[in-house]
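Report on the structure
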Amino acid sequence: MPLRLLKYGLSKDYPVTGDIPATPDLKPSYDVVIVGGGGHGLACAHYLSKYHGITNVAVLEKGYLAGGNTARNTTTIRSNYITKEGIAFYKEGVQLYEEMSEELDFNVMFSQRGQLTLAHTEATLRSFHLRAEMGKHAGTNIEVVDAQTVKELSPHLNMDEGGPLEIIGGLWHSDGGTARHDAVAWGYAAQASRRGVEIHQRTEVEGFDIEAGNITKVRTNRGTISAGQVMIAVGGMNYDMALKAGVELPIRCFPLQAMVTQPLKPWLHTLVSSVSLHTYLVQSSRGEIVIGGGSDPYQLYSTRSTLDMKEHLAEGATHLFPFLHGVRLLRQWAGITDMTPDYSPIMGASPLKNLWLDCGWGTWGFKATPVAGKYMAQTIANQKVAPMLEPFTMERFATFDLLNEMGATAASH
Amino acid sequence: MRLYPLDPQGAAEGTPLITGPVSLRDDSRTPRFGLKGRGTVSFLQAQGYEVPEVNRIANGLLRLGREEAVVLNHPEDLRTRWDAAAAPKGYYSWREETWAMMHLSGPHLFDLMAKICPVNLANGAFAQGEIAQTRVGYVEAITWRDDRGGPGFSVLFDIAATAFFANAVATAAGEFERETA
Amino acid sequence: MKILTCPMNGPRNINEFQSFGPLKANPDPETTSDQDWARHLFRADNTRGVIVEWWRHVPSNYFFLAERNATTNEVIRTFDPSELEAAQ
């Protein structure tokens, strides 16, 4: 538990002082400009300021802090991927979540309750065996379990014995968990701004001045600034933002829809997802059942919700847990996901010498917030891509060194 | 002897076909000959068939695409004639094996079709001779008006969905059973 | 439900269709560099404006093209691919 929480609980002074200062005027020049004030950008700012002594940093956010995909994801934290590069990266991501509340002196409500992925077919079960063996090899906690164990882990599940969606086994990832997304972003922002990082909200990047393969100036709606190094981490807007710097990313944007029910007493003690139903469920600390998994089946820059996707999610959720049929929905929303061809992110260098990419986070970005921040900061501080990030280079699409995580990354896996 | 799903030892053996407010009949044994791809239309025309517009049926010939058709009208020797013909003559599409064929009729026929098919098939909206390629009973299907004594619809769909389709029709017709009772 | 008008089958529910992504140019195998081939494979039109994209009407297995605004989701028109061949 972070010590500050205890102090806060015993303090008579309420409210406590604000964690994040009001947006200051832009200075003419920064050592590092981070485009995007979501979890990833703020985590990078934290690591730069705390571990690399780089504090002349501006985080530029078009809207308000962490109001994009940081606020729109469904906060699944896991490392049950399939490539060794992916597992190594996400495994450290999970570990950083385990210590995040201490690191940030801020309660991020990390709840490591385990993730259960369901198999309704033999083919799915075979892919689970592969993922489990890859995961064990890399030192994560993951195993294939039989139907009886599935029932014990989640007793309310409709096993559909003899039916077309009979649950024949599962992938049990006890490292999996969830955390409070606002707290994660806020914790990083508070830490970074305490060390001198400036957070500029309502500051939109309109363009870049480029000379001899370097970004020299960043043009914003509040003025033009000089930048030593620039990082792009703007979620669903990554394609557009990179294009402003003349960099063409292999990204297509799709809306991902989710919804929550009214709060219920705690009953769902693990994260549960079904590959066949494209549905996953988790109970939040407020008791709401968060239901996600529905990517729109065609490209779109929109955060609207649609009835057919909500019906689809509700159908999956009520199939798995039939007693949910009478529960009301409280909220619905969508985020714009920047999908890469191999379902792995694009991190590291760009064709411009001082532009660094933290892009292509599609439907899988939240879990990587701390680990991407840590290694992007290391990369920017040394102006050399951290070894952990090398496999995620944009160049892999030219050399065909893809990191195929399609089977393990799609939202419901 | 070809084994169809509803036959003894077939994959859907024992699946009941409903009768009453809606009646479902299995016509999967009906002879049919399907072609698709370049040369399909010219081959059929050369054989003396009248080939109608796309999504129309004429004299037992269903035109399903620019170069796709299924012949229900005496296709028995077409296979032999097609084997002997010179290309381009389309590709043989095995519709007698890959598709099930069923017929729907009964006093609640139009109520049922409105429930299980998104295309408006009502009298006045969907004429004799038209074909709808759409979904019927959650299954991708081809349907057209096929009156036999009273109004009816014939349906072609993936043969592997035989039991699923029969059950979907039965489930959807359940409310009419209750009304009648 | 959103309705898409299939050039062959008329207006239908969007769930009768499958999206096949933006139309791509056909590179000339004789002259295209390795780098451009890689780009052809992995890069697709992701503009916020009007994209031209492939769709398939699943029950009839008919492929066609649509012009659709990727921000407003407005379908400007749908057309048979022969129209594209005729324009080339």
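Up top is the structure these notes are about.
Residues numbered from 1 in each chain as written. Chains lettered and ligands numbered in written order. Predicted model: local features only at pLDDT ≥ 70, side-chain atom pairs only at ≥ 80, totals over all residues. Heavy atoms only, no water.

**Some thoughts on the overall build of chain C**
Along the backbone of chain C there are 2 helices and 6 strands. Expressed as lengths along the three principal axes of its C-alpha atoms, the size of chain C is roughly 45 × 25 × 20 Å. In chain C, 39% of the contacts between residues at least 6 apart in sequence involve partners at least 24 apart. Carbon and sulfur atoms make up 49% of the accessible area of chain C, which amounts to about 4,700 Å² in all. Side chains of chain C carry 9 positive and 12 negative charges; the gap between the two charge centres is 9 Å. (Helix = DSSP H or I, 4+ residues; strand = E, 2+ residues; numbered from the N terminus. Contact = heavy atoms within 4.5 Å. Areas by Shrake-Rupley, 256 points an atom, 1.4 Å probe, with all protein chains shown as cover. Lys, Arg positive; Asp, Glu negative; His and termini not counted. Charge placed at Lys NZ, Arg CZ, Asp CG, Glu CD.)

**Some thoughts on the sheet that holds strand β16 (residues 329-339) of chain A**
Residue and element names in this part refer to chain A. Ordered in space as β5-β6-β4-β13-β14-β15-β12-β16, the 8 strands form an open sheet in which the pairing is mixed. With partners counted over all chains shown, the strands left at the sheet margins are β5 (143-146) and β16, one partner each. Taking each pair of neighbouring strands and ignoring which way they run, the sheet shows an average axis angle of 20 degrees. Summarising the sheet, strand β4 (residues 115-119) and strand β6 (residues 169-173) pair through 5 bridges and their orientation is antiparallel. Within β6, the residue paired with Gln-115 across the bridge is His-173. Docked against the sheet, helix α10 (residues 307-320) engages β4, β12 (252-261), β13 (271-274), β14 (279-283), β15 (289-295) and β16, running at close to 50 degrees with respect to β12. (Pairing = 2+ DSSP bridges. Axes fitted to C-alpha atoms, helices over the stretch in contact; angles between N-to-C directions.)

**Brief notes about the packing of helix α2 (residues 39-51) of chain A against helix α11 (residues 369-382) of chain A**
Residues and elements named next belong to chain A. At a closest axis distance of 7 Å, the pairing of α2 and α11 adopts a crossing angle of 50 degrees. As the angle between them shows, α2 and α11 are arranged oblique. Seen from above, α2 lies across α11 with right-handed handedness. Judged by residue contacts, Gly-39, His-40, Ala-43, Cys-44, Tyr-47 and Leu-48 of α2 engage Thr-369, Pro-370, Ala-372, Gly-373, Lys-374, Met-376, Ala-377, Ile-380 and Ala-381 from α11. For the contact of α2 with α11, a count of residues per class yields 10 nonpolar, 4 polar and 1 charged. (Parallel < 35°, antiparallel > 145°, perpendicular 65-115°, else oblique. Left-handed = near helix turned anticlockwise from the far one by under 90°. Nonpolar A, V, L, I, M, F, W, Y, C, P; charged D, E, K, R; others polar.)

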